[in-house]
Structure formats: structure tokens, C-alpha cells
Amino acid sequence: MKEQTTELVRRLYMPAVLCTALWGSAAPCIKKGYELFAIASDAPFSQLYFAGWRFALAGLLVLLVARIKGHRIVPLRSEWKPIFWICLFQSMIQYVCYYIGLSGTTGTKGAVLSGTQTFFALICAHLFLQNDKMNRQKVIGCLCGFAGVLVLGLGGLNGFNLHGDGLVLLSAVSAGAGALVSRIYTPGRDPMLLTGWQLLMGGVFLLAVGLLGGGRLGRVTPVGVLLLAYMVVLSAAAFTIWTALLGKFPVGKVSLFCFLIPVFGALISAIVLGEQILTLRNLSALVLVSGGIAIANYVHESKTEGGQA
């Protein structure tokens, strides 16, 4: 039993926690990137230009990893439609809203609000998929999560602003819809090929919009380049590891770890950005959103014993 537990820690727990830590670091890294590249909070096209570099390079890196692993990286004609629809929701709409929204809110609130994409994904699945309806457990998880959003907004306009928090929340809606689109189009297709191309296409789109709007990087420093490189690797590495975990373990066991993403986001925001997270409102929202994600994704062991281990 001890050997099985040790093996599970090595093969599932540690890689899953690493993925959630990487994803949790995204919001504070973006905020820090704005500072290092001298991108003003009222310069949306420069923010999109910055985002475009990250995702275009991340897409190329995913495709490079896929090629090294022996995957086909040239899409078939029938695969361009799935790539476009996944890209539309998971790269174009989501990150236009997310990068502009983060400039008007804190890294902590951005991490907590983006965590609600889990609940929007559940709602979209309930509305459009016959075999994935809401149950009492999912409803309770969603209610907890949205209660966390309400807690963040208790301070009136100073607690929740449309330009910052509202856009981040809208990006979570798009991500939830993107999860549904991905579930529809991914089965039977190589997820690395789809993700690599949708990231690359989304990145090129963001770069083009940023350039057409006059976006630019205010300054380029070695530290800024290192941060951008980390964000590129973050996207490629987390996706590759997470996909491998989903191939080895039941979805419920893997998805349960998603509750750690806003936790890591808040903690890393405090360390990197010096934000004050130890307020009653922040902690309450964090507990509600993270707890809601855990409840909504929790699968009783008896239901997962038939899966891979």
C-alpha cells in the first residue's frame, strides 16, 4: 500500500500540482510583464501585442514538442475547422478580454475570477451536451464559486469594476465555452496538434491586432525576455503534462487539482507583486471559488476504481 501511495504521489500528485502552480503563476507574471516591458494600463493594443508573442511562441513550442514525440504536425483539411473554433474561444476572445482586464485589476482577483471558467464549462456542458448534465454536487460547486465572485464585488465599484474584473470574468465565460468546443472536436484527433495550432493562430491574431492598433513594447530588457520565455514554457509544459496525466488517470482524479490554480495565483501575486491577499474579502472569495472547483470535480473513489491508475 505504501509503495502504491508513493507511486501515485510521483506519477499524479506532483505533476498535477506542478501544472496548477504554473497556471496559477500566469496572472501575476502578466502583471509583472506589463511593468518590465513598460506597458501602460491604458494601452490595450500593447497588451495584446505582448500576449501575441507569448501564445505564438507557445504554439510553436507545442508543435516542436509534438514533432519530437513523433506526432503529425501538419493539419488535415478536416482539422482546420476544429482548430479555428477552439482558437476563437480559447485564444482570441479569452485572451483579448483577459490581458486587457488584468491591467485593471489585481493579480489576486484575476486568478480567483479566472478560476470560475470551471463553472462556466459545467454550465455550457449542461446546456449543450446530453450526457453531461448538472447534478446536485455540480450545482453546489457552482453556487460556491459564484458566491466567491459576489464576495469580491461587495465593495461596490471599488470592489468590482467592469473594465478590469468584468473583462476577466468574461474571459472565463469564453474559456468555459472553449472547453465545450474542445470536448466536441478533440475526440479522435491529436490534442497536441490542435492546441499547438490554435495557440499559434491565436498568437498571430493577437500580434496582428496589437500591431494594427499601434501596440508596442515600451522597453525590452534581459529580465523581461526571461519572463516572457518562462510564460511561453509555462503554456507548453503545463499543457503537455496535463494531457499526459489525462491519458493515464481518470478525468475526475486529475481535474480535482484545479482548485489549486487560484490558490497558487493568489500566493504568487503576493510574492511577485507584493499584493495584500490577507483580507477577509480576498480569503473568503478564494476559499469559495477553490472549494467550489473541488466540490464540482470531486469523484468518489468507488466511481474511479475502474479507471487507469
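In the block above lies the structure referred to throughout.
Residues numbered from 1 in each chain as written. Predicted model: local features only at pLDDT ≥ 70, side-chain atom pairs only at ≥ 80, totals over all residues. Heavy atoms only, no water.

Engineer: Can you break down the overall build of the chain residue by residue, with the values?
Structural biologist: When helices and strands are tallied, the chain shows 14 helices and zero strands. Expected size for 309 residues packed as a compact globule is a radius of gyration near 19 Å; at 19 Å, the chain falls within 12% of this value. Across its three principal axes, the chain shows a C-alpha extent of roughly 55 × 50 × 40 Å. Taking all 309 residues of the chain together, 50% fall into the buried category. Accessible area of the chain: about 14,700 Å², with a carbon and sulfur share of 69%. (Helix = DSSP H or I, 4+ residues; strand = E, 2+ residues; numbered from the N terminus. Rg over C-alpha atoms; globule rule 2.2 N^0.38 Å. Buried < 20%, exposed > 50% of the residue type's maximum accessible area, 1.4 Å probe, protein only. Areas by Shrake-Rupley, 256 points an atom, 1.4 Å probe, with all protein chains shown as cover.)

Engineer: Just give me the short version of a nonpolar patch on the surface, but keep the residues and values in it.
Structural biologist: Taken together, the side chains of Val9, Tyr13 and Met14 present a nonpolar region at the surface, about 260 Å² in accessible area. Examined against the element boundaries, Tyr13 turns out to sit in helix 1 (residues 2-24). (Patch = residues over 30% accessible without salt bridge, like charges linked within 9 Å, V, L, I, M, F, W, Y side chains within 5 Å. Salt bridge = Lys/Arg side-chain N within 4 Å of Asp/Glu carboxyl O.)

Engineer: Let's hear about the pattern of salt bridges: which residues, and what values?
Structural biologist: For the coordinates displayed, the defined rule picks out three salt bridges. Between Lys32 and Glu35 there is a salt bridge, and its shortest N-O distance comes to 3.3 Å. Taken together, the positions of Lys32 and Glu35, both in helix 2 (residues 26-36) and three residues apart, correspond to about one turn of that helix.

Engineer: Hey, could you go over the environment of Lys253 for me, with residue numbers and the actual values?
Structural biologist: Mapped onto the elements, Lys253 comes out in helix 11 (residues 251-255). When the C-alpha positions of Lys253 and Ala38 are compared, they lie 41 Å apart, and in sequence the two are 215 residues distant.

Engineer: For the packing of helix 7 (residues 136-152) against helix 13 (residues 280-297), give the residues involved together with the corresponding values.
Structural biologist: Where helix 7 meets helix 13, the closest approach of the two axes is 7 Å, and the angle between their N-to-C directions is 165°. Here helix 7 is positioned roughly antiparallel relative to helix 13, judged by the angle of their axes. In the crossing of helix 7 with helix 13, the sense of the turn from one axis to the other is left-handed. Contacts between helix 7 and helix 13 pair Gln137, Lys138, Ile140, Gly141, Cys144, Gly145, Ala147, Gly148, Val151 and Leu152 from the former with Arg281, Asn282, Ser284, Ala285, Leu288, Val289, Gly292, Ile295, Ala296 and Asn297 from the latter. Its residues assigned to classes, the contact of helix 7 with helix 13 shows 10 nonpolar, eight polar and two charged. (Axes fitted to C-alpha atoms, helices over the stretch in contact; angles between N-to-C directions. Parallel < 35°, antiparallel > 145°, perpendicular 65-115°, else oblique. Left-handed = near helix turned anticlockwise from the far one by under 90°. Contact = heavy atoms within 4.5 Å. Nonpolar A, V, L, I, M, F, W, Y, C, P; charged D, E, K, R; others polar.)

Engineer: Which residues make up the environment of Val149, and what values go with them?
Structural biologist: Here Val149 is to be found in helix 7. When the C-alpha positions of Val149 and Thr116 are compared, they lie 8.3 Å apart, and in sequence the two are 33 residues distant.

Engineer: Can you lay out the nonpolar core for me, pointing to particular residues and giving the numbers?
Structural biologist: Of all hydrophobic cores here, the largest spans 58 residues; its most connected members are Phe50, Tyr98, Tyr99 and Trp242. With eight residues, helix 10 (residues 222-248) is the largest single contributor of residues to this core. (Core = buried A, V, L, I, M, F, W, Y, C linked by side-chain atoms within 4.5 Å.)

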